[in-house]
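# Structure assessment
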Amino acid sequence: MKIKKLLTLLIISAIVMLPSASAFAEDVNSTEVTPYIVGIGDTQATAISLILNEYGGVVYDLFIQNSTEKDWFKWTNTSSGYKRVYATVGGFSGNGVTRAGYKINYNNGFGETQLFYTEKANTTESQTFGNIFVPAGATVYIVVDAPNFSSAPAYHLNFSAYDVN
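These remarks concern the structure in this document.

This paragraph deals with the sheet that holds strand β1 (residues 48-49). Spatially, the five strands line up as an open sheet ordered β1-β3-β8-β5-β6, and their pairing is mixed. Lying at the two open borders of the sheet, with one neighbouring strand each, are β1 and β6 (116-117).

Right, dumping it as structure tokens:
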């Protein structure tokens, strides 16, 4: 019986010592964008909540997978007063052809605005929304898509909210 236990212990020890590939390994020479998360934030109802850091901002680097995909983001003003919101889509090397828009849902029975797109929509140029005043309790939605899709465009979303002084 002791030999059986000793043999089992040796086999288990040998298996534990076998080298394995890291779960976090990355091919640093690859230039291909590979989708890792699909199906999150594809509709306004399933929008990704923007959680601001201690400086009042957040940054996402994402991409659009096809011509019908939309990435929706949302932020709700939980303060007791107005906030000024800034959002920029693009602004880095390799930014693809994207279109960015926003709308505000007032959450008070007055409904929501229509979807407003930037004048730089459907370009690789940086698209910015600035000085959007969001009242207390309202939710601002940002949407990024690529209706003129030809390849998976990457984009950089920079979002921030500040007190109105």
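How two aromatic rings sit relative to each other is given by the distance of their centres and the angle of their planes. Taken as a whole and judged by the stated rule, the model has six aromatic pairs. Ring centres of Y60 and F73 lie 5.6 Å apart, and the angle between their planes is 40°; this geometry places the pair in the tilted category. Here the residue Y60 occupies a position in strand β2 (residues 57-63), and F73 occupies one in strand β3 (residues 70-76), the gap between them amounting to 13 residues. In this structure Y60 comes out as partly exposed when scored by relative accessible area, which is 24%. Ring plane angle 75° and centroid distance 6.3 Å describe the contact between W72 and Y141, whose orientation is recorded as edge-to-face. Within this pair, whereas W72 is found in strand β3, its partner Y141 is found in strand β8 (residues 139-145), the two being separated by 69 residues in sequence. A relative accessible area of 8% means that W72 is categorised as buried. Overall, Y141 belongs to the buried group, its relative accessible area being 11%. The ring of Y117 has R99 lying over it, and the distance from NZ or CZ to the ring centre is 4.2 Å.

Take the side chain of D145 next. Along the polypeptide, D145 turns up in strand β8. By relative accessible area, D145 is classed as buried at 4%. A polar contact is formed between the side chain of D145 and the side chain of K70, at a distance of 3.3 Å. Polar contacts involving the side chain of D145 include one to the side chain of R99, which spans 2.8 Å.

Take the nonpolar core next. In this structure, F73, W75, V134, I142 and F159 are the most contacted members of the largest nonpolar core, which totals 24 residues. Elements supplying a minimum of two residues to this core: β3, β4 (83-89), β5 (99-105), β7 (127-134), β8 and β9 (154-163). In terms of residue count, the dominant contributor to this core is β9 (four residues). Excluding residues that lie within four positions of it along the chain, F73 makes contacts with A47, I48, L50, Y60, L62, V140, Y141, I142, V144, Y155 and L157.

Before going further, it helps to spend a moment on the environment of S67. Looking at the secondary structure, you find S67 in the loop between β2 and β3. The residues touching S67, leaving out its near neighbours within four places in the chain, are A146, P147 and F149.

Cut-offs used in this document
Residues numbered from 1 in each chain as written. Predicted model: local features only at pLDDT ≥ 70, side-chain atom pairs only at ≥ 80, totals over all residues. Heavy atoms only, no water. Pairing = 2+ DSSP bridges. Helix = DSSP H or I, 4+ residues; strand = E, 2+ residues; numbered from the N terminus. Phe/Tyr/Trp six-rings, centres within 6.5 Å; stacked < 30°, edge-to-face > 60°. Buried < 20%, exposed > 50% of the residue type's maximum accessible area, 1.4 Å probe, protein only. Lys NZ or Arg CZ within 6 Å of the ring centre and 35° of its normal. Polar contact = N/O pair within 3.5 Å; in protein donor to acceptor, adjacent residues only side chain to side chain. Core = buried A, V, L, I, M, F, W, Y, C linked by side-chain atoms within 4.5 Å. Contact = heavy atoms within 4.5 Å.

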